[in-house]
Amino acid sequence: MNITFLGTSSAVPSKYRNHPAITLKAFGEIMLFDCGEGTQRQLTNAKISPMKIDKIFISHYHGDHILGLGGIIQSMGFRGRTKDLDIFGPKGLRRLINAISNTGYFQINFKINIHEITEGIVIETEEYIIETVKTQHNITNMSYSIYEKKKPRFLREKAIELGVPVGPLFGKLHNGEEVEVDGRIIKPEQVLGEKRVGKKITYSGDTRPCEEMIQLAKNSDLLIHEATYEKEDYTHAIDNSHSTSIEAAEIAKSANVKELILTHISTRYTTDENIEKEAQEIFEKTKVAKDFMEITL
């Protein structure tokens, strides 16, 4: 699971920070979380092809999180994309995509599958689950968790000992299917090890601290949480429905996460050192994201 931060600023971009966007490369896919203005240029600089993006997840519809969508979609069309594109977001997504489709000259030869989501599981495959909850911003904001489904280890020697021939039957057993060998039924639990917990990543979007965020992030390997303000600007955080560095760290601590990455940094700060330091006093394993920073789990 590889994460690339394409944009880590808040409302407006700066010389060093673009509008919010994060890619996740995992399970043979590339997923994009939020798509601020200039995201496609950031993708180019990060050497990630927009043509390979399978799914886009939007947290909410403030401009800094969505104004790159039109450009990316049109560029996909210009490059000859034919594969479907799935876009997920809260209610209002269909209206947004319709507006994009009717802005300027717009022609694409691929289907956009629009998924207006509510709380709960939005995707479940054999390899992963993506879950979302509504958190506390001044408009509807959906926060996301991505869970890896980790199969138990296949006990090869045990299978051979039970007479299972090396080959396709191994795969069936590992996938949880019973198989027949010389008239005997071999069950998966006979050749599988203990259950294993896969990796979990949680992304806040924009939110005030809330119990919903804690529960969604519970036991995450990585929590990516907005920290728009330093603690001295707490009143601005309340007024604008954002979080301070300290509040994000408290969420990480309460949720028992392994690592915290802070993003969505206000351009009022010329350095992020104080934001990082404040958070580390509460949750030591904290970093502030920078554009093009990569993390591999």
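Look up a bit, the structure's there.
Residues numbered from 1 in each chain as written. Predicted model: local features only at pLDDT ≥ 70, side-chain atom pairs only at ≥ 80, totals over all residues. Heavy atoms only, no water.

**Quick word on the sheet that holds strand E9 (residues 141-148)**
Phase 1 of the analysis: What the 7 strands build is an open sheet, ordered E7-E8-E9-E12-E13-E14-E15; its pairing is mixed. Each end of this open sheet is capped by a strand with a single partner; those strands are strand E7 (120-124) and strand E15 (286-288). Each strand axis lies, on average, 20 degrees off the axis of its neighbour in the sheet, ignoring direction.
Phase 2 of the analysis: Bridge analysis of strand E13 (residues 222-226) against strand E14 (residues 260-263) gives 4 bridges, and the strand direction is parallel. Paired with His225 across the two strands is Leu262, which belongs to E14. (Pairing = 2+ DSSP bridges. Helix = DSSP H or I, 4+ residues; strand = E, 2+ residues; numbered from the N terminus. Axes fitted to C-alpha atoms, helices over the stretch in contact; angles between N-to-C directions.)

**What about the packing of helix H9 (residues 245-254) against helix H10 (residues 273-280)?**
Phase 1 of the analysis: In contact at an axis separation of 8 Å, H9 and H10 are set at 35 degrees when each is read in the N-to-C sense. Where H9 crosses over H10, the handedness of that crossing is right-handed. Contacts between H9 and H10 involve Ser245, Ile246 and Ala249 on the former and, on the latter, Ile275, Glu278 and Ala279.
Phase 2 of the analysis: Here the residues of the contact of H9 with H10 sort into 4 nonpolar, 1 polar and 1 charged. (Left-handed = near helix turned anticlockwise from the far one by under 90°. Contact = heavy atoms within 4.5 Å. Nonpolar A, V, L, I, M, F, W, Y, C, P; charged D, E, K, R; others polar.)

**As for the pattern of salt bridges**
Phase 1 of the analysis: This structure, assessed with the given rule, holds 10 salt bridges.
Phase 2 of the analysis: For Lys149, the salt bridge identified is with Glu124, shortest N-O distance 2.9 Å. In this pair, Lys149 is assigned in the loop between E9 and helix H5 (156-161) and Glu124 in strand E7, connecting sequence segments 25 residues apart.
Phase 3 of the analysis: A relative accessible area of 31% means that Lys149 is categorised as partly exposed.
Phase 4 of the analysis: The closest approach of N and O atoms between Lys290 and Asp272, which form a salt bridge, is 2.8 Å. With Lys290 in the loop between E15 and strand E16 (294-296) and Asp272 in the loop between E14 and H10, this residue pair connects regions lying 18 residues apart in the sequence.
Phase 5 of the analysis: Linked by salt bridges that have partners in common, Arg17, Asp272 and Lys290 make up one network. (Salt bridge = Lys/Arg side-chain N within 4 Å of Asp/Glu carboxyl O. Buried < 20%, exposed > 50% of the residue type's maximum accessible area, 1.4 Å probe, protein only.)

**As for the sheet that holds strand E1 (residues 2-7)**
Phase 1 of the analysis: Read from one edge to the other, the open sheet built from 7 strands follows the order E6-E5-E4-E3-E2-E1-E16, with strand pairing classed as mixed. Every interior strand has two partners, whereas the edge strands, strand E6 (112-116) and E16, have only one. Between one strand axis and the next, the sheet turns through 20 degrees on average, direction left out of account.
Phase 2 of the analysis: Note: strand E2 (residues 21-26) against strand E3 (residues 29-33), 5 bridges, orientation antiparallel. Paired with Leu24 across the two strands is Met31, which belongs to E3.
Phase 3 of the analysis: Running at roughly 170 degrees to strand E5 (residues 85-89), helix H3 (residues 69-78) makes contact with E3, strand E4 (53-57), E5 and E6 of the sheet.
Phase 4 of the analysis: The strands touched by helix H4 (residues 93-101) within the sheet are E5 and E6, with E6 carrying the most contacts at an inclination of about 150 degrees.

**Looking at the environment of His137**
Phase 1 of the analysis: Relative to the elements of secondary structure, His137 occurs in the loop between strand E8 (128-135) and E9.
Phase 2 of the analysis: Given the relative accessible area of 12%, His137 is considered buried.
Phase 3 of the analysis: Sequence separation of His137 and Gly205 is 68 residues, and the distance between their C-alpha atoms is 9.2 Å.
Phase 4 of the analysis: Aside from chain neighbours lying at most four places away, what touches His137 is His60, His62, Asp206, Thr207, Asn240, Ser241 and His242.
Phase 5 of the analysis: Only 3.4 Å separates the side chain of His137 from the side chain of Asn138, close enough to count as a polar contact. (Polar contact = N/O pair within 3.5 Å; in protein donor to acceptor, adjacent residues only side chain to side chain.)

**Some points on the side chain of Thr207**
Phase 1 of the analysis: Topologically, Thr207 is positioned in the loop between strand E12 (200-203) and helix H7 (211-217).
Phase 2 of the analysis: Of the polar contacts made by the side chain of Thr207, one reaches the backbone nitrogen of Gln136; its length is 3.0 Å.
Phase 3 of the analysis: In this view, Thr207 contacts Thr135, Gln136, His137, Asn141, Met213, His225, Glu226, Ser241, His242 and Ser243; residues no more than four positions away in its chain are not counted.

**Some thoughts on H9**
The α-helix winds at 3.6 residues per turn, so residues separated by three or four positions along the chain end up facing the same way.
Phase 1 of the analysis: Within H9, 7 of the 10 residues are buried, leaving the element largely enclosed by the surrounding structure.
Phase 2 of the analysis: If you check which residues of H9 are buried, you get Ser245, Ile246, Glu247, Ala248, Ala249, Ile251 and Ala252.
Phase 3 of the analysis: Elements in contact with the buried residues of H9: H7, E13, helix H8 (234-240), E14 and H10.
Phase 4 of the analysis: At the C-terminal side of H9, Asn256 shows a positive phi close to 60 degrees.

**Some remarks on the nonpolar core**
Phase 1 of the analysis: In this structure, Phe5, Leu24 and Phe33 are the most contacted members of the largest nonpolar core, which totals 26 residues.
Phase 2 of the analysis: Looking at this core, the elements with two or more residues in it are E1, E2, E3, E8, E9, E12 and E13.
Phase 3 of the analysis: The residues contacting Leu24, other than those within four sequence positions of it, are Met1, Asn2, Ile3, Glu29, Ile30, Met31, Phe33, Ile146 and Ile201.
Phase 4 of the analysis: Grouped together as the second largest cluster of nonpolar side chains are 25 residues, Ile58, Ile73, Leu96 and Ile112 included. (Core = buried A, V, L, I, M, F, W, Y, C linked by side-chain atoms within 4.5 Å.)

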